[in-house]
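Okay, here's what each chain looks like letter by letter:
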Amino acid sequence: MTTDNDLIQDAGYDRTTIILHWLTAVLVIALFAMAETWSFLKHGSPARKELQSLHISIGILLAVVIVVRIAWRATRGKHLPIASLAAKAVHHTLYLLLVAQVILGFLLRWAQAESFLFFGLFTIQFATVKNRALDHTFGDLHNVAAWSIIVLAGLHAAAALVHHYILKDDILKRMFPRKKPLKW
């Protein structure tokens, strides 16, 4: 027999989708905060270089999470109906911006002829000659994409809060894990 609690449980996303969603959010916020923080530090300072190195490592991690997230969504992730065309457009735009941002990050590092150091574990070097014109172009695009992601994700979060607190529907609850009710 299906209960109301079972229906609420079925209305949520699967655990993997939820974990990947929140992991993406945390990584994006951390990456953005690091980039904004190092802009206040002296160019070439050890603290700035450390933040940039950490930013690159976390950016590589974000790239992996995005690939896994898209693969999961395309194969096994639970698909729920999206409330409106606007919400669907925001979701697709966020995915597109995240993919573009990762690609721009890799291209920026390539144009800088700098190596990718992943949490001090290994280094990858793609280019050996710096291309200043592409460095500035990719850097500017990377910055615009970052701000676009933050603004759009902020609107996405605000819409979820409006649904939760004003419309009082279960849209936000779908993105949190639920405990299955005890069966006696």
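Details of the structure are given in the entry above.
Residues numbered from 1 in each chain as written. Predicted model: local features only at pLDDT ≥ 70, side-chain atom pairs only at ≥ 80, totals over all residues. Heavy atoms only, no water.

A.B. asks: Tell me about the side chain of Thr17, and name the residues and values.
C.D. replies: Positionally, Thr17 belongs in helix H2 (residues 15-38). Among the polar contacts made by the side chain of Thr17, one reaches the side chain of Trp72 at a distance of 3.0 Å. Residues within four places of Thr17 in sequence aside, it is in contact with Trp72, Gly77 and Lys78. (Helix = DSSP H or I, 4+ residues; strand = E, 2+ residues; numbered from the N terminus. Polar contact = N/O pair within 3.5 Å; in protein donor to acceptor, adjacent residues only side chain to side chain. Contact = heavy atoms within 4.5 Å.)

A.B. asks: How would you sum up the layout of surface pockets? Please name residues and give values.
C.D. replies: Quantified by volume, the largest pocket comes out at close to 1300 Å³. Contributing to the lining of the largest pocket are 39 residues, with Trp38, Gln52, His55, Leu108 and Gln112 lying nearest its centre. Of all the elements in the fold, those that place two or more residues in the lining of the largest pocket are H2, helix H3 (46-75), helix H4 (85-111), strand S1 (116-118) and helix H5 (132-165). By residue number, the principal contributor to the lining of the largest pocket is H3, which donates nine residues. Counted by class, the lining of the largest pocket contains 17 nonpolar, 15 polar and seven charged residues. There is about 1000 Å³ of room inside the second largest pocket. Looking at the lining of the second largest pocket, the elements with two or more residues in it are H2, H3, H4 and H5. Counting residues per element, the lining of the second largest pocket draws most heavily on H5, at 12 residues. (1 Å grid on protein atoms, 1.4 Å probe; cavity = no way out; pocket = protein on both sides within 12 Å on 5 of 7 lines; lining within 4 Å. Points joined across faces, edges and corners; volume = space filled by probe spheres on them. Nonpolar A, V, L, I, M, F, W, Y, C, P; charged D, E, K, R; others polar.)

A.B. asks: Describe the packing of aromatic side chains, and please don't skip the residues or the numbers.
C.D. replies: Inspection of the entire model under this criterion finds five aromatic pairs. For the ring pair Phe32 and Trp147, a centre distance of 4.8 Å and an interplane angle of 90° mean the geometry is edge-to-face. Remark: Trp147 occurs in helix H5 and Phe32 occurs in helix H2; sequence separation between them is 115 residues. A residue is classified by how much of its surface remains accessible, and Trp147, at 39% relative accessible area, is partly exposed. Geometrically, the ring pair formed by Phe106 and Phe116 is tilted, given 5.1 Å between the ring centres and 35° between the ring planes. Taken together, the residues span a long stretch of sequence, with Phe106 in helix H4 and Phe116 in strand S1 at a distance of 10 residues. (Phe/Tyr/Trp six-rings, centres within 6.5 Å; stacked < 30°, edge-to-face > 60°. Buried < 20%, exposed > 50% of the residue type's maximum accessible area, 1.4 Å probe, protein only.)

A.B. asks: Pulling in residues and values, what's your account of empty space enclosed by the protein?
C.D. replies: Enumeration according to the criterion identifies one cavity of 30 Å³ or more in this entry. Taken as a whole, the largest cavity holds about 30 Å³ of empty space. Surrounding the largest cavity, Thr17, Arg69, Trp72, Arg73 and Tyr95 form its lining. The dominant element in the lining of the largest cavity, judged by the number of residues it contributes, is H3, at three residues. For the lining of the largest cavity, a count of residues per class yields two nonpolar, one polar and two charged.

A.B. asks: So, H4: which residues are in play, and what are the values?
C.D. replies: If you check H4, its first and last C-alpha atoms are 38 Å apart, about what 27 residues at 1.5 Å a residue would give, namely 39 Å. When H4 is considered as a whole, its buried residues turn out to be Leu94, Leu97, Leu98, Gln101, Val102, Leu104, Leu108, Arg109 and Ala111. For H4, the secondary structure elements touched by its buried residues are H2, H3, S1 and H5. (Expected span 1.5 Å × (residues − 1).)

A.B. asks: Tell me about the environment of Thr17, and please be specific about residues and values.
C.D. replies: Residue Thr17 is classed as buried on the basis of its relative accessible area, which comes to 15%. Measuring from C-alpha to C-alpha, the distance between Thr17 and Met34 comes to 26 Å, with 17 residues separating the pair along the chain.

A.B. asks: A description of the environment of Lys49 should follow, citing residues and the corresponding values.
C.D. replies: Inspection of the secondary structure puts Lys49 in helix H3. Put simply, Lys49 and Trp38 are 11 residues apart on the chain and 8.4 Å apart in space, counted from C-alpha to C-alpha.

A.B. asks: So, the packing of H3 against H4: which residues are in play, and what are the values?
C.D. replies: Orientation of H3 relative to H4, taken along the N-to-C sense of each, is 145°, at an axis distance of 10 Å. Seen along the crossing, H3 lies across H4 with a hand that is left-handed. The residues of H4 that touch H3, namely those facing Ile56, Ile60, Leu62, Ala63, Ile66, Arg69, Ile70 and Arg73, are Tyr95, Leu98, Val99, Val102, Phe106 and Arg109. Per-class residue counts for the contact of H3 with H4 are 11 nonpolar, no polar and three charged. (Axes fitted to C-alpha atoms, helices over the stretch in contact; angles between N-to-C directions. Left-handed = near helix turned anticlockwise from the far one by under 90°.)

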